[in-house]
Amino acid sequence: MMLSVELTMYPFNGDYIPPIKAFIEKVNTIDNLEVKTFPTATIIMGEYNHVMDSLKVLFKWSYETQGKAVFVAKFLPNTEVLS
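Conventions used here
For every chain, the first residue of its written sequence is number 1, and the numbers climb from 1 along that sequence. In keeping with the predicted nature of the model, local features appear solely for residues at pLDDT of at least 70, side-chain atom pairs appear and are counted solely at 80 or more, and the whole-chain, interface and lining totals rest on all residues. Side-chain calculation: all heavy atoms of the structure are included, whereas hydrogens and water are not. By nonpolar core is meant a set of buried Ala, Val, Leu, Ile, Met, Phe, Trp, Tyr and Cys residues that side-chain atoms within 4.5 Å join together. Only protein chains enter the accessibility calculation, which uses a 1.4 Å probe; a residue whose area is less than 20% of its type maximum is buried, one above 50% is exposed, and one in between is partly exposed. Where helices and strands are cited, they refer to DSSP runs of H or I of at least four residues and of E of at least two residues respectively, numbered from the N terminus. The criterion used for residue contact is that any of the two residues' heavy atoms lie within 4.5 Å. Polar contacts here mean pairs of N or O atoms no more than 3.5 Å apart (in protein, one a potential hydrogen donor and the other a potential acceptor; neighbouring residues in sequence count only if both atoms are side-chain atoms).

Student: Explain the nonpolar core to me, please; I cannot follow it from the model alone.
Tutor: General note: in soluble globular proteins, nonpolar side chains tend to be found buried as a group. In terms of nonpolar packing, the biggest core is built from 15 residues, with Phe23, Ile44, Val51 and Leu55 touching the most fellow members. Residue assignment for this core shows that the elements contributing at least two residues are strand E1 (2-11), helix H1 (17-27) and helix H2 (48-66). Leaving out residues up to four positions away in the same chain, Leu55 has contacts with Val5, Leu7, Ile44 and Phe75.

Student: Can you walk me through the side chain of Thr8 in this structure?
Tutor: Structurally, Thr8 is set in strand E1. Residue Thr8 is classed as buried on the basis of its relative accessible area of 14%. Among the polar contacts made by the side chain of Thr8, one reaches the main-chain carbonyl oxygen of Thr40 at a distance of 3.0 Å. Filtering out sequence-adjacent residues up to four positions away, Thr8 remains in contact with Thr40, Ala41, Val70, Phe71 and Val72.

These values are about where atoms sit, not about what they do.
As structure tokens, then:
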């Protein structure tokens with residue numbers, strides 16, 4: 001099953017641009033994900049289990065390297081948002 005996730009990051013850091021850029025760069029290093037970045041959100045698409053496993057790793061990495069942040073996500077199973 002395919003999964004599309006629209007993800008927005010809100011770092012607790014006052015200088016919020018560097019953590020967002022770092023997160024987007026990290027997302028783009030993961031194979032077998034289609035990633036589209038927009039001014040207000042990033043869309044991640046791929047096989048359901050791979051996307052979910054990747055998000056788990058990404059959230060942990062973000063907390064450990066960038067500090068606290070709030071992530072807002074919309075999950076759209078069986079949908080390719082930007083096909």
